[in-house]
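# Results of the structural survey
This is what each chain is made of:
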Amino acid sequence: MANKENEVVCSGTVPKVYNDNRNSQLNSSEFSVSQTDSASVTNADYFAQISKDHATMTQVLFGRNLRLSVALTFWQKSASELVAYLVRIQDTAVVADCLPVLTKSLEEEKESISIGCCVDLLPLVQELLRSRFEEYLIVGLNWLRAVLKRWWPELSTDAKNCDATGTEDRNIVIMKDRLRQLREQGYHLSSAPGYTGKVAQSVGTYLEQLY
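Residues numbered from 1 in each chain as written. Predicted model: local features only at pLDDT ≥ 70, side-chain atom pairs only at ≥ 80, totals over all residues. Heavy atoms only, no water.

### Regarding helix 5 (residues 115-129)
Given a rise of 1.5 Å per residue, 15 residues ought to cover 21 Å, and the 20 Å separating the end C-alpha atoms of helix 5 matches this to within 8%. Maximum bend of helix 5: about 40°, positioned at L122, with proline P123 one to four residues after it. Most of helix 5 is tucked away, with 12 of its 15 residues classed as buried. Among the residues of helix 5, those classed as buried are I115, G116, C117, C118, V119, L121, L122, L124, V125, Q126, L128 and L129. (Helix = DSSP H or I, 4+ residues; strand = E, 2+ residues; numbered from the N terminus. Expected span 1.5 Å × (residues − 1). Bend = angle between axes of the 7 residues up to and from the residue. Buried < 20%, exposed > 50% of the residue type's maximum accessible area, 1.4 Å probe, protein only.)

### Description of the packing of aromatic side chains
All chains considered together, the criterion is met by 3 aromatic pairs. Ring geometry for F133 and Y136: centres 5.4 Å apart, planes at 70°, overall edge-to-face. Of the residues examined, F133 reaches a relative accessible area of 41% and is grouped as partly exposed. The ring of W151 has R150 lying over it, and the distance from NZ or CZ to the ring centre is 4.6 Å. (Phe/Tyr/Trp six-rings, centres within 6.5 Å; stacked < 30°, edge-to-face > 60°. Lys NZ or Arg CZ within 6 Å of the ring centre and 35° of its normal.)

### Some words on the environment of V70
Structurally, the position occupied by V70 is in helix 2 (residues 14-77). Residues V70 and Y85, 15 residues apart in the sequence, show an inter-C-alpha distance of 8.7 Å.

### Section: the pattern of salt bridges
All chains considered together, the criterion is met by 5 salt bridges. With a shortest N-O distance of 2.9 Å, R64 and D97 are connected by a salt bridge. One end of the pair, R64, is in helix 2; the other, D97, is in helix 4 (residues 92-107), with 33 residues separating them in the sequence. In this structure R64 comes out as partly exposed when scored by relative accessible area, which is 27%. (Salt bridge = Lys/Arg side-chain N within 4 Å of Asp/Glu carboxyl O.)

### What about the nonpolar core?
By size, the foremost hydrophobic cluster in this structure holds 50 residues, and its most contacted members are L86, C118, W143, L144 and M175. Mapped by element, the contributors of at least two residues to this core are helix 2, helix 3 (79-89), helix 4, helix 5, helix 6 (134-150), helix 7 (152-155), helix 8 (167-184) and helix 9 (194-210). Top contributing element to this core by residue count: helix 5, with 10 residues. (Core = buried A, V, L, I, M, F, W, Y, C linked by side-chain atoms within 4.5 Å.)

### Topic: helix 3
When we look at burial in helix 3, the residues that qualify are A79, L82, V83, Y85, L86 and I89. Take helix 3 and look down its axis: the buried residues cluster within an arc of 160°, on one side only. Where helix 3 terminates, the next one or two residues include Q90, which has phi positive at roughly 55°. (Arc of directions from axis to C-beta.)

### What to know about a nonpolar patch on the surface
Taken together, the side chains of M57, V60 and L61 define a hydrophobic patch exposed on the protein surface, amounting to about 280 Å² of accessible area. Within the element layout of this structure, L61 appears in helix 2. Looking at L61, the relative accessible area reads 47%, which means it is partly exposed. (Patch = residues over 30% accessible without salt bridge, like charges linked within 9 Å, V, L, I, M, F, W, Y side chains within 5 Å. Areas by Shrake-Rupley, 256 points an atom, 1.4 Å probe, with all protein chains shown as cover.)

And the structure:
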């Protein structure tokens, strides 16, 4: 009888309890492995995206550097060829990179840059002035101010008294008309802080005097 009771005890719930604990441990282990696998996949996706972003940026910078090299070649030939290239590629970033060189030439009153080149460039500069990047705003404003200073005597002449028979005279009329449109479209950069606002105010003063 004692042996039967021992058998009942031994074959009772005790082994069952041990089995439940082991199942719990196994389930916990499986959950941990699942979490680890999920974290590994998430990290792999993250690094894959970062790698993709870097590859994209490398391609963008490579293309921009290539276009700048071509721009330098045209600049060494003539300013008009550089301007024609910038108008052709319509790349705002490359325009922003090249514009300071053209601005310096205007400030030094070199004859290499004509009013016709400036007329062609103005739409691209207007794109810079609509940008949210301060660097683009500054280079665009500096160029615009240099153009106004360089051709101020011609631009400030009353159009009624201007005999627009020559090519340069016609370009002066076109430039003045486009500047008028720029002013009418709303010129709000003068409220910008710092150097940007200072240059914008200077440009705004010129525009107000023209019309």
